[in-house]
Structures are given as C-alpha cells and as structure tokens.
Amino acid sequence: MNRQLLHTPEGVRDIYGKEYARKLAVEELIHGKLRLYGYQDIQTPTFEFFDVFSKEIGATPSRELYKFFDKEGNTLVLRPDFTPSMARCAAKYFMDEDVPIRFCYAGNTFTNTGNLQGKLKEVTQMGAELIGDGSVEADGEMIALVVESLLSAGLKEFQVSIGQMEYFKGICTQAGLDEQTENELRELISGKNIFGAEELLTGRGVAESYCRMLLKVSEHFGSVEVLGEAKELVDNSRSLEAIGRLEKLYHVLKSYGVEKYVSFDLGMLSKYHYYTGIIFKAYTYGVGEPVVKGGRYDRLLGYFGKKAPAIGFVVVVDDLMSALERQKAHVGVEDDIKILTYHASDYEEKLSKAKALRAKGIRTALRPMTEP
Ligand SMILES: N[C@@H](Cc1c[nH]c[nH+]1)C(=O)O
C-alpha cells in the first residue's frame, strides 16, 4: 500500500473523535452568543475572484494566497480572510440598506505561508461583522462580544489588547512619511524591531522630534493610563482624536462591565491595511497567536461600491482549542454511544430497539456481530 496516501500535506490536518466533538461544542457556544447579540448567519463561498483580495484591498499579500484558474481563465482564490468577502457580500445585497446590518459566520480560511513554526494553513474562524454603524458604541459592542464569546467557550484568563491605527497614522502624516516608509515602519514596529525602525527613520531623514514620537508608539501599552501618556506626546488632531475615541470606548466597556479584560497597545498595527480605526487582538496563555483578531474598516465597503463604516472580528477556533486544551479548560462533551449488536436472526428486534432508543434521544448505533 502507498503509505503516502494516508498523509495530509503540511499545514492541514484531520480532526476527529473527541477533539472534533469539543471543537463543534465550542463553536456552538460562541455561535449562541453571536446570535444573542442579534447577528444573523451568512455563508459566502470558499473561493472568490482574485480581485476581492487584491493589493488595493489591503488584505493578505498575493504570495500567501492559494490561487487557481477556472475554465474561463479567471483567477480564483481560496479565501485567506473573511472580511473582504463580507464587505463584498454586504455591498452586493444590502447596497441601499441604511440601518446597521449584523452578520455572523463560520468557515475555514487558507493561507499559503511557509512551513515555519508548524502553523496551520487551513484554520476555522468564526466571526461577526457590524456594518453601517460607525459609532464608538459599536466598537464597544464588538469588544464586549469578544469577551463574552471567549468566556462562553470556557476561557477564563485572557486579555483583549486594543490599538488605534489613526494614532500612528496621524504622526506619520505630520512627519511627512511617504506610503512606503509608513508601511515599512508599520512592519518594524509591529514586530517590536525598534532598532530597525530607528535606522529606517534616520536613513530617510525624518526630523528628530517625529522620530522620537514614532519610536515611542511601541511603548504605549498597558492599562488605561497609557492613553493619557500617549496624548501628552502628540499635538496633531488625528492622533488626539484617536486617543479621545479610545477614552470614550473605555467608558462604554465599563458600562458593559468588561473593562478588566481590556488593555491598550498603540504600537499594535495589523498586517491588514484595510483597518481605519480601532484594531484589537485577544491573547491568552498556551498559544503564541491571538485567539481573536479584529478592527474597524470604514473604507473597505467603498471599494465594492457601498459607502458604509464597519467593524468586526474573528475567533480563530483552532488556536482557541489549543489554548483551552493547554489550560485544561475544555468543554465537556457527551460521547456515549450505545452499541447494539445483532445477528441476522435478531436484526428486526434490534432495529426496533434502536429506533426506540433514538426516539428517546439516546445515541445508538447498530453493529453486526462478528463471528469469532
Ligand atoms: N479578518 C480579520 C479579522 C476581522 C474580521 N472583521 C474585521 N476584522 C483577520 O483575519 O484578522
């Protein structure tokens, strides 16, 4: 037999038995929360036209996409990220809607990354998107929903770290950075490579005072006090408004009673360029990657022809499962199955017994008796 046939490629895996039962149970708990907040299920296709994830969208870099062709020669892409698909879908079916719409969804995403760190290339994500509401209350609802979703899944210790793209962008604009420098700097700062960032800024001749402000961005993380400190350092209106918004958000989060799960990090910058306001990530111990990622993307729908602010997040279910497993906090699953064995002679009798048990909600499977 060809043993190779039994293997899956690098970065994808089978999930079965108890592990899968637990994953489904967690998905159901989170789904319950999303529905409770009034989010409606939506399903978009697993693959889309390449343009939905193109460079202008600011989504996953092209080299990380799984691309293929259809018979007509169109380039198709396995979705690496739900957000552009949701934006496309909202623009298509809710073009004239002016009341906020709430979508929730679950499915797998695919990224063709290197084989480093044993990262999965196919992961299950569950998410929610609130489209058409640009308010700080909408930001608050999203963060509260993240907290409640994680709690409902059985996670107890986690932190939702909140950043604001506009704070950083405000300083970049004031410092007169071109787009390329801004992008390079964003990557260095997100990777906490401060030496690299300093080298870049001095190399590009950025004024000393702006260099200081930009390099300081990565130091503004921690509890709500960091907002005051960050405000002291800047004098451009864009960055100041960003801080003002975070202060209001903190107030909303206190009303939800979730502030103890929240911290701030102004150096948090996403690899996605479609974010325009707050961005956030939830971390817990046991996994290096965030278990939740999200943010505001007020201009993305415009790309698909609908002007509407939007905010959303995804729970990376596979990473959440790893964390729950390591923390020994996994949900209990009922996996008792009653097995009824039968001979050819008593099949009818066993079948009616199985039917009666199933009618009572008892999981029952029939199995032919194997002769010794
Ligand atoms: N799709 C984003 C998360 C998100 C959902 N909605 C807005 N942001 C990600 O994968 O990081």
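If you're wondering where the values come from, they're calculated on a predicted model, not measured in any experiment.

Side note on the sheet that holds strand β3 (residues 67-69)
Ordered in space as β2-β4-β3, the three strands form an open sheet in which the pairing is antiparallel. Single-partner strands in this sheet number two, and they are β2 (47-49) and β3. Across the sheet, the mean angle separating the axes of adjacent strands is 40° when strand polarity is ignored. Direction of pairing for β3 relative to strand β4 (residues 75-78): antiparallel, over a ladder of three bridges. Bridge pairing in β4 links K67 to V77.

What about the UniProt feature "binding site: L-histidine" (unreviewed entry) in the chain?
The UniProt feature table records "binding site: L-histidine" (unreviewed entry) at D81, F82, T83, Q125, E129, Y274 and Y275. In this structure, T83 sits in helix α2 (residues 82-93). Every residue in contact with T83, bar those within four places of it in the chain, is listed here: E129, Y274, Y297 and L300. Inspection of the secondary structure assignment puts E129 in strand β6 (residues 122-131). On the basis of relative accessible area, E129 is assigned to the buried category, the value being 1%. Among residues more than four places away in sequence, those in contact with E129 are Y39, T83, M86, I101, R102, F103, Y105, M142, Y297, I311, G312 and F313.

Side note on the pattern of salt bridges
Taken as a whole and assessed by the stated rule, the structure comprises 19 salt bridges. Among the ionic pairs, K271 bridges to E64, the shortest N-O distance being 3.6 Å. Of this pair, K271 sits in the loop between β9 (262-265) and β10 (278-283) while E64 sits in the loop between β2 and β3, and the two are 207 residues apart along the sequence. Among the salt bridges present, the one from D139 reaches R245, with a minimum N-O distance of 2.9 Å. Of this pair, D139 sits in helix α3 (residues 136-152) while R245 sits in helix α9 (residues 237-256); the two residues are 106 residues apart in sequence, bridging distant segments of the chain. By relative accessible area, R245 is classed as partly exposed at 23%. The network of salt bridges with common partners includes D139, R245, R296 and D298.

The rules behind the values
Residues numbered from 1 in each chain as written. Predicted model: local features only at pLDDT ≥ 70, side-chain atom pairs only at ≥ 80, totals over all residues. Heavy atoms only, no water. Pairing = 2+ DSSP bridges. Helix = DSSP H or I, 4+ residues; strand = E, 2+ residues; numbered from the N terminus. Axes fitted to C-alpha atoms, helices over the stretch in contact; angles between N-to-C directions. UniProt positions renumbered as here; feature names shortened; annotations may be inferred. Contact = heavy atoms within 4.5 Å. Buried < 20%, exposed > 50% of the residue type's maximum accessible area, 1.4 Å probe, protein only. Salt bridge = Lys/Arg side-chain N within 4 Å of Asp/Glu carboxyl O.

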